[in-house]
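Fold and contact review
In case you want the letters, here they are:
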Amino acid sequence: MRPVQSGMDLNLLVALDVLLEECSVSGAAARLHLSEPAMSRTLGRIRKALGDPVLVRAGRSMVPTPHALALHPEVRAVVERARGLFSAAGQVDLRTLERTFTVLAHDAFAAAHAAALFARTAAQAPGVRLRFLGESHVDAPALREGTADLEVGVIDTTAPEVRVEQLYEDRMLAVVRPGHPLLDGPPTPERFAAGRHLGVSRRGRLHGPIDTALAELGLSRTVVGTVATYPAALFVLRSTDLVGLTTTRSRGLAEALGLVTVDIPLDLPALPFGLAWHPRHDADPAHAWLRGCIRERLAGEGL
């Protein structure tokens, strides 16, 4: 670990956080309302303090060094804690708030809700930017490390350092194209299992709760493959005889593409949909506002 020089200006942490988020001197300068020469001088001070280049040129862009990437979660956490300390408890001026929130969510959530959330942000907090990140195929403590501010979706973590707020329970539905053979009669377990199925899995898993429920009835299905997201699956289903999946709250996406949803004739576990965040955000009024926006959006429209 490179030694950090004593007497480092803690204001540099804010600049470092923004530089690593933007990977651009000009972008960071705009965010911090500085001139580019001033931002360049700040980057020089950060480099000297850390004994590391921090950002290096790669073609026409800049990329963070491995050391900078390793530091970023800690830097983000310190900056967020400082914001909480110096903010009036429970108060935030949304009109002047300058903040980027990273939301970890399935693509189906972004497809259904991002437009409304961007509109609300523009109206109430024009200096706020939302970054929606899709779920990774690798499990990582994104909330603890600060690479994500909020997770939205089916929360299955039991980590003690994560706050979880369940909003509702959802359930799975089958999705097929109009005229699909599954629509020719009642959706019995046997008829459902007889179809060729498309799975949705960020890890590419070919087996899941549906297969477990079918096995309990002495049945099995053929899964021809998987895609990583539900929106991608819907476009595949439009042009095939495959049977896919969605949820009751996301059925509007399927119907908007002309697809038909069908109840799955199996006893499947409910899907607990909610929010998750790190406790360091508990007293952050800006983060509480974002949680409220998403909570109200989900409660008010029911997809």
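Look up a bit, the structure's there.
A short tour of the structure in this document, coming up.

What counts, and at which threshold
Residues numbered from 1 in each chain as written. Predicted model: local features only at pLDDT ≥ 70, side-chain atom pairs only at ≥ 80, totals over all residues. Heavy atoms only, no water. Helix = DSSP H or I, 4+ residues; strand = E, 2+ residues; numbered from the N terminus. Phe/Tyr/Trp six-rings, centres within 6.5 Å; stacked < 30°, edge-to-face > 60°. Buried < 20%, exposed > 50% of the residue type's maximum accessible area, 1.4 Å probe, protein only. Lys NZ or Arg CZ within 6 Å of the ring centre and 35° of its normal. Polar contact = N/O pair within 3.5 Å; in protein donor to acceptor, adjacent residues only side chain to side chain. Contact = heavy atoms within 4.5 Å. Pairing = 2+ DSSP bridges. Axes fitted to C-alpha atoms, helices over the stretch in contact; angles between N-to-C directions.

**Some points on unusual backbone geometry**
At C23, a position not held by glycine, the phi torsion is positive, near 50°. Position of C23 among the secondary structure elements: in the loop between α1 (11-22) and α2 (25-32). Positioned with a positive phi, H33 is a non-glycine residue whose angle comes to about 60°. Note that H33 resides in the loop between α2 and α3 (36-50).

**As for the packing of aromatic side chains**
Overall, the coordinates contain 3 aromatic pairs when judged by the stated rule. Centroid distance F109 to F132: 6.3 Å. Interplanar angle 50°. Geometry classified as tilted. Within this pair, whereas F109 is found in helix α5 (residues 107-124), its partner F132 is found in strand β4 (residues 128-133), the two being separated by 23 residues in sequence. A residue is classified by how much of its surface remains accessible, and F109, at 5% relative accessible area, is buried. Ring pairing ties together the aromatic residues F109, F118 and F132, which thus form one cluster. The positively charged end of R249 is found above the aromatic ring belonging to Y168, 3.7 Å away from the centroid.

**Looking at the side chain of T247**
Mapped onto the secondary structure, T247 falls in strand β10 (residues 244-247). Assessed through its relative accessible area of 11%, T247 is described here as buried. A distance of 3.1 Å separates polar atoms of two side chains, one belonging to T247 and the other to D170. Non-local contacts of T247, meaning those with residues more than four positions away in its chain, are made with D170, R171, M172, L173 and L271.

**Brief notes about the sheet that holds strand β12 (residues 271-277)**
Two strands in a sheet stick together by hydrogen bonds in their backbones, pointing the same way (parallel) or opposite ways (antiparallel). Read from one edge to the other, the open sheet built from 5 strands follows the order β4-β3-β5-β12-β6, with strand pairing classed as mixed. Two strands in the sheet have a free side with no partner beyond their single neighbour: β4 and β6 (163-170). In this sheet, adjacent strand axes meet at a mean angle of 20° when their direction is disregarded. As paired elements, strand β5 (residues 150-154) and β12 share 4 bridges and run antiparallel to each other. Along β12, the bridge assignment pairs V154 with F273. Together, β3 (99-105), β4, β5 and β12 form the strand contacts of α5, whose direction differs from that of β4 by roughly 180°.

The values reported here are purely geometric and, on their own, carry no functional implication.
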